Each structure stands twice: as structure tokens, then as C-alpha cells.
Amino acid sequence: MGATWIGINRFRMRLENTWPLLFYLGLVFYLNTYDRVLNPYVVYVAVVCALFVRFEFMNERVVFFVRFVEVAALVQIGYCLLMTLLKAY
């Protein structure tokens, strides 16, 4: 649910918003707790994109591309988590 919320609101929220970083902190803890549920490369690409958006001063086109990559990673993360949840039942 958090990945969906961040993915939908990423283009509407301010660049200096801290909520995505808190979400990624929890996601990295989850990644380290449960192996083989998420691809670590996808998670860390999303974390780096969030850090670039939060702490760098970039051109609007570059910011749009970085946000797009981050949302694509969030879609993949959300899909993997949803499939993990549905396989449990």
C-alpha cells in the first residue's frame, strides 16, 4: 500500500518531502529481514532515485526522468509484494 501511495503521489508532492525516504528506510529493513522476496537492485535503484530527487538540484527534465525510473521501480516492488501476499493464501 505504501509503494502504491508513493508511486501515485510522487509527481504531485514537493521534491523536499521526506515521506518517500522514510518509506524506503522501512523497505530496506524489510529487504534485509526477508531474503528473496524483493530484488535488491530494484530497491536500491529506487532509493538512489529518491535521494537524487530529494537532495540534488537538477534540470526539470532530469528530475522527471529520475521520478519516472523511481515510479517504475515502485511498480515492480508493489507487484512483487502483492504476489508474495497472494501466494501466502
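Heads up: the structure comes first, above all this text.
These notes cover the structure that comes with them. This is a predicted model, so every value here is computed, not measured.

Let's shift gears to the overall build of the protein. Helix and strand content of the protein: four helices and zero strands. The order of α-helices and β-strands along the protein, N terminus first, is α-α-α-α. For a compact globule of 89 residues, the expected C-alpha radius of gyration is about 12 Å, and the protein comes in at 13 Å, within 12% of that figure. C-alpha atoms of the protein, sized along the principal axes, occupy 45 × 20 × 20 Å. Within the protein, the fraction of its 89 residues that count as buried is 34%. Sequence-distant contacts in the protein: of pairs separated by 6 or more residues, those separated by 24 or more amount to 59%. As presented, the protein carries roughly 6400 Å² of accessible surface, and 67% of it is formed by carbon and sulfur atoms.

Among the surface-exposed residues, Trp-5, Trp-19, Leu-22, Leu-25 and Phe-29 lie close enough to one another that they form a single nonpolar patch of about 590 Å² accessible area. Mapped onto the elements, Trp-19 comes out in helix 2 (residues 19–33). Among the residues examined, Trp-19 registers a relative accessible area of 53% and is labelled exposed.

What follows concerns unusual backbone geometry. Although it is not a glycine, Arg-36 adopts a positive phi angle of roughly 65°. Among the structural elements, Arg-36 can be located in the loop between helix 2 and helix 3 (40–55). For Arg-36, a relative accessible area of 85% translates into the label exposed.

Moving on to the nonpolar core. The nonpolar side chains of a soluble globular protein tend to be buried with one another. Residues Tyr-24, Leu-27, Leu-38, Val-43 and Ile-77 are the most contacted members of the largest nonpolar core, which totals 17 residues. If you list the elements that add at least two residues to this core, you get helix 1 (2–9), helix 2, helix 3 and helix 4 (60–88). Aside from chain neighbours lying at most four places away, what touches Tyr-24 is Ala-46, Val-47, Ala-50, Glu-70 and Leu-74.

Scanning the entire structure with this criterion turns up two aromatic pairs. Aromatic pair Tyr-30 and Tyr-34: ring centres 5.1 Å apart, planes at 50°, arrangement tilted.

A few words now on helix 2. In a regular helix each residue adds 1.5 Å, so 15 residues correspond to 21 Å; helix 2 covers 21 Å between its end C-alpha atoms and thus fits that length. Buried within helix 2 are the following residues: Pro-20, Leu-21, Tyr-24, Leu-27, Val-28 and Leu-31. Looking straight down helix 2, one finds its buried side chains confined to an arc of 115°; they lie on one side. Exposed side of helix 2, more than 90 degrees from the buried face: Trp-19, Phe-29 and Thr-33 are the residues found there. As for helix 2, its buried residues are in contact with helix 1, helix 3 and helix 4.

Reading guide: rules and limits
- Residues numbered from 1 in each chain as written.
- Predicted model: local features only at pLDDT ≥ 70, side-chain atom pairs only at ≥ 80, totals over all residues.
- Heavy atoms only, no water.
- Helix = DSSP H or I, 4+ residues; strand = E, 2+ residues; numbered from the N terminus.
- Rg over C-alpha atoms; globule rule 2.2 N^0.38 Å.
- Buried < 20%, exposed > 50% of the residue type's maximum accessible area, 1.4 Å probe, protein only.
- Contact = heavy atoms within 4.5 Å.
- Areas by Shrake-Rupley, 256 points an atom, 1.4 Å probe, with all protein chains shown as cover.
- Patch = residues over 30% accessible without salt bridge, like charges linked within 9 Å, V, L, I, M, F, W, Y side chains within 5 Å.
- Salt bridge = Lys/Arg side-chain N within 4 Å of Asp/Glu carboxyl O.
- Core = buried A, V, L, I, M, F, W, Y, C linked by side-chain atoms within 4.5 Å.
- Phe/Tyr/Trp six-rings, centres within 6.5 Å; stacked < 30°, edge-to-face > 60°.
- Expected span 1.5 Å × (residues − 1).
- Arc of directions from axis to C-beta.

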